[in-house]
Amino acid sequence: MYIPPLEYTAPATLAEALTALKKTTGAVPLAGGTDLVVMMKEGRAAPASLVSLRRLSELKQISFDGDAVALGAGVTVTQIERSELSATNPGFTDMVRNMANQQIRNRATVGGNLCTAAACADIPPILLVNDAVAVITGSNGERKIPLVDFFTGPRKTQLKHDELLVSVTCRAKNRGTSYIKFGPRKVVNIAIVGVACALEMDGESIATLKIAVTAASGTPLLLETNDLMVKGQKANTEQWERVAKQVVEHLSPISDIRGSAEYRLELAQVGVIRACETALLRLQGGADA
Ligand SMILES: Cc1cc2nc3c(=O)[nH]c(=O)nc-3n(C[C@H](O)[C@H](O)[C@H](O)COP(=O)(O)OP(=O)(O)OC[C@H]3O[C@@H](n4cnc5c(N)ncnc54)[C@H](O)[C@@H]3O)c2cc1C
């Protein structure tokens, strides 16, 4: 369907963007438009006005600070692909390669992916296993929340109407990361299930393990070392199978056009095992992303 005429502004500063959002009830931020415009054309979203973020250069930066990185909300998936992160944190490369196609990746932003909060989104899992924190700003100032708490339900977040996601910070260097995605096709593929892993070893024993799963619950699931009871344990197939069984107990998938709930649980188990195996191989110098 055609989108009916509506108000559109493209503020030059973050302050102006916040004012524009506050001024009009039903005003909505527009980033790459790969979710929002599609929803508008399908009649699933009808904002009163659009506040474009395209001129806000401060949202488009990737800034490294020691072991941490801040990804501006307006950073595109292609920017991630071309950044140092691809070399220092291979799970990001897995995510990029598994997301949409080149045209979409050129426009799709980190902020858009997180704020849409689709239950099948590909960016949250790899951020979650890298200790991500969301930086939000609004007329009442800035607040930071762990990304895991940002999502409150399918397509729901903690963001208020007059707030913007500014950036997300996470670990930049993490060699033992991976993202395994199962979808109905090889490209332009919406996840049936996606599993991210971040593993650190202390010699032959597991030091830390984080697993995040998308598309198998209303919000992305994050389980950490203590939840998984793996500290000091051996890293082997039996261990990954045990971890996988534990992870699926926390999932509550739906059945839909892409797969049944039972199928998703099976895939999640396989995904956890493969993600852990890949992360371990990378720590040992193999399985390049
Ligand atoms: C053909 C196709 C294939 C796709 N494949 C995938 C895929 O494989 N994996 C996947 O995860 N997604 C996929 N998507 C979905 C989409 O591309 C991503 O979710 C993308 O990251 C959205 O970013 P955007 O910049 O286009 O967001 P937009 O569409 O501009 O915005 C999305 C939502 O976020 C809000 N928003 C955006 N930025 C901010 C901000 N800074 N602060 C507050 N709110 C904000 C907007 O108001 C809107 O509600 C696909 C989409 C298409 C059309």
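Note that the coordinates shown come from a computational prediction; the quantities given were computed from them, not determined experimentally.

(A) The overall build of the chain, seen in detail. Across its full length, the chain holds twelve helices and 14 strands. Here the C-alpha radius of gyration of the chain, 19 Å, is about what a compact globule of 289 residues would show, namely 19 Å. Over its C-alpha atoms, taken along the principal directions, the chain stretches across nearly 60 × 45 × 30 Å. Expressed as a percentage of the 289 residues in the chain, the buried residues total 44%. Of all intrachain contacts in the chain linking residues separated by at least 6 positions in sequence, the fraction that spans at least 24 positions is 65%.

(B) Broad picture of the site of the ligand. Near the ligand lie 31 residues; those nearest to it are Ala31, Gly32, Gly111, Gly112 and Asn113. Counting residues per element, the ones that place at least two in the shell around the ligand are strand 2 (27-30), helix 2 (36-41), helix 6 (102-107), helix 7 (110-116) and strand 10 (163-171).

(C) Geometry of the sheet that holds strand 3 (residues 49-52). Taken together, the three strands give an open sheet; going across it, the order is 1-3-2, and neighbouring strands pair in parallel fashion. A single partner strand is all that each edge strand has here, and the edge strands are strand 1 (7-9) and strand 2. Each strand of the sheet is rotated relative to its neighbour by a mean of 25°, with strand direction disregarded. Pairing between strand 2 and strand 3: four bridges, direction parallel. If you follow Val28 over to strand 3, its bridge partner there is Leu50.

(D) Expanded view of the domain arrangement of the chain. When cut into domains, the chain gives domain 1 (7-52), domain 2 (60-171) and domain 3 (177-283). Placing a centre on the C-alpha atoms of domain 1 and another on those of domain 3 gives a separation of 35 Å.

(E) Region of the structure containing unusual backbone geometry. You will see that Ala100, though not glycine, has its phi angle at about 50°, which is positive. With respect to the helices, strands and loops of the structure, Ala100 is situated in the loop between helix 5 (90-97) and helix 6. Look at Ala100 and you get partly exposed, because 18 C-beta atoms sit within 10 Å. Positive phi, close to 60°, is recorded for Asp131, a residue that is not glycine. Considering the arrangement of structural elements, one finds Asp131 in the loop between helix 8 (123-128) and strand 6 (133-138). With 18 C-beta atoms packed within 10 Å, Asp131 lands in the partly exposed category.

(F) The pairing of strand 3, seen in detail. In terms of strand pairing, strand 1 meets strand 3 through three bridges, oriented parallel. Bridging from a neighbouring strand, Glu7 pairs with Ser49 of strand 3. Remark: the strand 2/helix 2/strand 3 crossover connection has right-handed handedness.

(G) Examining helix 11 (residues 237-248) more closely. Look at helix 11: 17 Å from first C-alpha to last across twelve residues, which is about the 16 Å you get at 1.5 Å a residue. Taken as a whole, helix 11 has its buried residues at Trp240, Val243, Ala244 and Val247. The buried residues of helix 11 all sit within an arc of 105° when viewed along its axis, so they share a single face. In helix 11, the exposed positions angled more than 90 degrees off the buried face are occupied by Glu238 and Lys245. Buried residues along helix 11 sit in contact with strand 13 (205-214), strand 14 (221-223), helix 10 (225-228) and helix 12 (261-283).

(H) A look at the sheet that holds strand 4 (residues 62-65). Taken in spatial order, the five strands of this open sheet run 4-5-10-6-7, and their pairing is antiparallel. In the strand order of this sheet, the two ends are held by strand 4 and strand 7 (141-146), each with one partner. Sheet twist, expressed as the average angle between the axes of neighbouring strands with direction ignored, equals 20°.

(I) Region of the structure containing the packing of helix 11 against helix 12. Running from amino to carboxyl end, helix 11 crosses helix 12 at an angle of 140°, the nearest separation of the two axes being 9 Å. Considering the angle they form, helix 11 stands oblique to helix 12. The two elements helix 11 and helix 12 meet at a crossing, and its hand is right-handed. Packed against helix 11, whose contacting residues are Trp240, Glu241, Val243, Ala244, Lys245, Val247 and Val248, the element helix 12 presents Leu265, Ala268, Gln269, Val272, Ile273, Cys276 and Glu277 at the interface. Split into classes, the residues belonging to the contact of helix 11 with helix 12 amount to ten nonpolar, one polar and three charged.

(J) Structural detail: helix 5. Counting buried residues along helix 5, seven of its eight residues qualify, which places the element largely inside the surrounding structure. Here helix 5 has its buried residues at Pro90, Gly91, Phe92, Thr93, Asp94, Met95 and Val96.

Each value, and the rule that gives it
Residues numbered from 1 in each chain as written. Predicted model: local features only at pLDDT ≥ 70, side-chain atom pairs only at ≥ 80, totals over all residues. Helix = DSSP H or I, 4+ residues; strand = E, 2+ residues; numbered from the N terminus. Rg over C-alpha atoms; globule rule 2.2 N^0.38 Å. Buried ≥ 20, exposed ≤ 12 C-beta atoms within 10 Å, placed from the backbone. Contact = placed C-beta atoms within 7 Å. Near = placed C-beta within 6 Å. Pairing = 2+ DSSP bridges. Axes fitted to C-alpha atoms, helices over the stretch in contact; angles between N-to-C directions. Domains from an automatic or database assignment. Right-handed = clockwise from strand over helix to strand, strands pointing away. Expected span 1.5 Å × (residues − 1). Arc of directions from axis to C-beta. Parallel < 35°, antiparallel > 145°, perpendicular 65-115°, else oblique. Left-handed = near helix turned anticlockwise from the far one by under 90°. Nonpolar A, V, L, I, M, F, W, Y, C, P; charged D, E, K, R; others polar.

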